[in-house]
Amino acid sequence: MGNANASKQHDCERLAARLQRKKLLEVEQVFRKLCGTKDAFNAEDLGAKSFVSDANILTCLFDRYLGFCEGGSASVVDWQAFLKICISFEDHPEGFLKGTFTFTDASRIESVLRSSLADFFALLHVDVDSSRDVFSAVHSTIELISAGKVFMTNASSDSDVLTALRKVVPSAYQLLLTVASPTMVTVQPSLPFNLRHTYPVESALLTKERAWLLGDILSASDSWSQVYSSEKQGKAWATFVAAILDKADTVLVARDTAGSLFGAFAPCCWHKSASFYGKDDNGYSSAVFSLWPSTRLYTCSGYNTNFQYLASGCTSGINPNGIGFGGQVNHFAFFVDASLDSGHSYPSATFNNASLLPDLSSKMDFGIDAVEVWCPTSSSSDKEKKKGVLSNDQYNTEKQLLQFAGVYKGHHEQRR
């Protein structure tokens, strides 16, 4: 018996050494929370400490845990088994997720996600209707993924619903990982940012639930302020431009006349230019998204750097006045005309996005009902603005000459 205990102790030490000290401390904290005064935990302990209420999900989790126990008749999880569980998750989180819930089809993913979202939002005091709206948008996205219509160009891995979900609804994917994680019981669901409404909340297009769907693109700040609302300030282009000039990390949200919601994110400071600008900083670049009736977030594909466009006062007829993201002139991934009454969304290589409109196979143009803009509460013009010498409007003549010579190609969708 003594030799068996010594061997088990040695195995625990070996397993613990595979975890970084910070992670090991977290794992020890979780294990103590699950066990209480005992030296192992059972299914009831897991259910009592988890924010998940669905009995089927909890059963899947605990059955998965028991698979790491020595012997075939274990009913509790001890320290040795829990270390193995945590290491397995750390090494292959998506594989662990799939193995736990046997994600063999889209309906199974939706079932786990629906329940997890309900529990997650309940702890955030989000009303049931809003929670259902978010899941409905995710459900529509999964249908598009299953039909192969979510990307402009599908990679072989994009046929896997979970892999595609990770790309276009990263918040939902991260929630699934959180639920599967052995350290889930210490998670305190929260929104990592605060929305400061300059105008009545009832008229806002971006709500805290919809903001959650945008995930990491809002990580630039923990507080966001509404700097423009067409419903309160009117559809005045000059007012809109003044609200965004020299501001970085801006989020534009529009509602079309059919009720669809979509928009874009721009990390670089805005300045007037009839050619594209912006940069890709390790994946931190412009993004376009849809929030309703489906939720889809598209970030930089790496194909080109046609990220931001803000033309005002152009009279040549070549460059449209308005604000655009991705694609190429007159075929933007997302574009709002200077009238603030119309726009369009085309598939683009910049973000590998399908059209943001709900009917992907028909019109690309839309009428605009309302537009709003958000930026970090502490936003100012003190960020470094990296503009080329030709980015200012005063060099329009020079740019046109270079375009004729084939040297300046700022507004075409060229591969970089």
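Placed above this text is the structure.
Here the structure is a predicted model, which is why all the values come from computation and not from measurement.

I'm lost on the environment of Gly 302 in this one. Help?
Counting through the fold element by element, Gly 302 comes out in the loop between strand S9 (296-298) and strand S10 (308-311). Separated by 49 residues in sequence, Gly 302 and Phe 351 have C-alpha atoms that sit 7.9 Å apart.

Whenever I open this one, the pattern of salt bridges confuses me. Can you help?
Think of it this way: side chains of opposite charge can pair up when their charged atoms draw near. In total, this model carries 11 salt bridges according to the counting rule given. Glu 231 is the salt-bridge partner of Arg 255, the closest N and O atoms lying 2.7 Å from each other. Taken as a pair, Arg 255 in strand S5 (residues 250-256) and Glu 231 in helix H12 (residues 230-233) lie far apart in primary sequence, 24 residues in all. Assessed through its relative accessible area of 21%, Arg 255 is described here as partly exposed. Glu 231 sits in the partly exposed class, given a relative accessible area of 38%. Two residues, Asp 341 and Lys 235, come together in a salt bridge whose shortest N-O distance is 3.0 Å. Of this pair, Asp 341 sits in the loop between strand S12 (331-337) and strand S13 (342-344) while Lys 235 is found in the loop between H12 and helix H13 (237-244), placing the two residues 106 residues apart along the sequence.

What am I meant to see in the packing of aromatic side chains here?
According to the stated counting rule, one finds 26 aromatic pairs in the structure shown. Geometrically, the ring pair formed by Phe 68 and Phe 96 is stacked, given 6.2 Å between the ring centres and 25° between the ring planes. One end of the pair, Phe 68, is in the loop between helix H4 (55-66) and strand S2 (77-78); the other, Phe 96, is in helix H6 (residues 93-101), with 28 residues separating them in the sequence. As far as the burial class goes, Phe 68 and Phe 96 line up, both buried. Above the ring of Phe 96, the side-chain terminus of Arg 64 is found at 4.7 Å from the ring centroid. Against the face of Tyr 173 rests Arg 166, its NZ or CZ located 5.9 Å from the ring centre.

What is the right way to read the nonpolar core from this model?
One recurring pattern in soluble globular proteins is that nonpolar side chains are buried together. Residues Phe 82, Phe 101, Phe 240, Ile 323 and Phe 334 are the most contacted members of the largest nonpolar core, which totals 120 residues. Formed by 7 residues, the second largest nonpolar core is a distinct cluster that contains Phe 276, Tyr 309, Ala 311 and Phe 335.

It is not clear to me how the packing of H4 against H6 should be interpreted in this structure. Could you clarify?
Working note: a packed helix pair is described by the angle between its axes plus the distance between those axes. For the pair H4 and H6, interaxial distance at closest approach is 8 Å and the crossing angle is 115°. Considering the angle they form, H4 stands roughly perpendicular to H6. In this structure, the crossing between H4 and H6 has a hand that is right-handed. For the pair H4 and H6, the contacting residues are Ile 57, Cys 60, Leu 61, Arg 64 and Tyr 65 in the first and Gly 95, Phe 96, Gly 99, Thr 100 and Phe 101 in the second. Residues of the contact of H4 with H6, tallied by class, amount to 6 nonpolar, 3 polar and 1 charged.

What is the right way to read the packing of H6 against helix H9 (residues 161-168) from this model?
One can describe the packing of H6 onto H9 by two numbers: an axis separation of 12 Å at closest approach and a directional angle of 130°. By the criterion of interaxial angle, the relationship of H6 to H9 is oblique. Along this stretch, H6 crosses H9, giving a crossing that reads as right-handed. Listed contacts from H9 to Glu 94, Leu 97 and Lys 98 of H6 are Leu 162, Thr 163 and Arg 166. For the contact of H6 with H9, the per-class residue count stands at 2 nonpolar, 1 polar and 3 charged.

Just checking my understanding: could you explain unusual backbone geometry for this structure?
Peptide bonds are mostly trans, and most non-glycine residues show a negative phi. Of the consecutive residues Trp 292 and Pro 293, the connecting peptide bond is found in the cis state with omega at 10°. Looking at the element boundaries, Pro 293 is found in the loop between strand S8 (287-292) and S9. Of note, the phi angle at Thr 102 is positive, near 45°, even though the residue is not glycine. Along the polypeptide, Thr 102 turns up in the loop between H6 and helix H7 (106-123).

Where do I start with H9 in this structure?
The periodicity of an α-helix, 3.6 residues per turn, causes residues three or four places apart in sequence to face the same way. By the criterion of burial, H9 is predominantly enclosed, with 6 of the 8 residues buried. Considered for burial, the residues of H9 that qualify are Val 161, Leu 162, Thr 163, Ala 164, Leu 165 and Val 168. Buried-residue contacts for H9 involve H6, H7, helix H8 (128-146), helix H10 (170-180) and S9.

Please clarify how the pairing of S8 should be interpreted in this entry.
Side-chain direction in a regular strand flips from residue to residue, so the side chains alternate between the two faces of the sheet. Counting buried positions over the 6 residues of S8 gives 5, a clear majority of the element. Both strand S6 (residues 261-266) and S8 contribute to a ladder of 5 bridges, which runs antiparallel. The partner of Phe 262 across the bridge, within S8, is Ser 290. Direction of pairing for S8 relative to S9: antiparallel, over a ladder of 3 bridges.

Reading the values: rules and limits
Residues numbered from 1 in each chain as written. Predicted model: local features only at pLDDT ≥ 70, side-chain atom pairs only at ≥ 80, totals over all residues. Heavy atoms only, no water. Helix = DSSP H or I, 4+ residues; strand = E, 2+ residues; numbered from the N terminus. Salt bridge = Lys/Arg side-chain N within 4 Å of Asp/Glu carboxyl O. Buried < 20%, exposed > 50% of the residue type's maximum accessible area, 1.4 Å probe, protein only. Phe/Tyr/Trp six-rings, centres within 6.5 Å; stacked < 30°, edge-to-face > 60°. Lys NZ or Arg CZ within 6 Å of the ring centre and 35° of its normal. Core = buried A, V, L, I, M, F, W, Y, C linked by side-chain atoms within 4.5 Å. Axes fitted to C-alpha atoms, helices over the stretch in contact; angles between N-to-C directions. Parallel < 35°, antiparallel > 145°, perpendicular 65-115°, else oblique. Left-handed = near helix turned anticlockwise from the far one by under 90°. Contact = heavy atoms within 4.5 Å. Nonpolar A, V, L, I, M, F, W, Y, C, P; charged D, E, K, R; others polar. Pairing = 2+ DSSP bridges.

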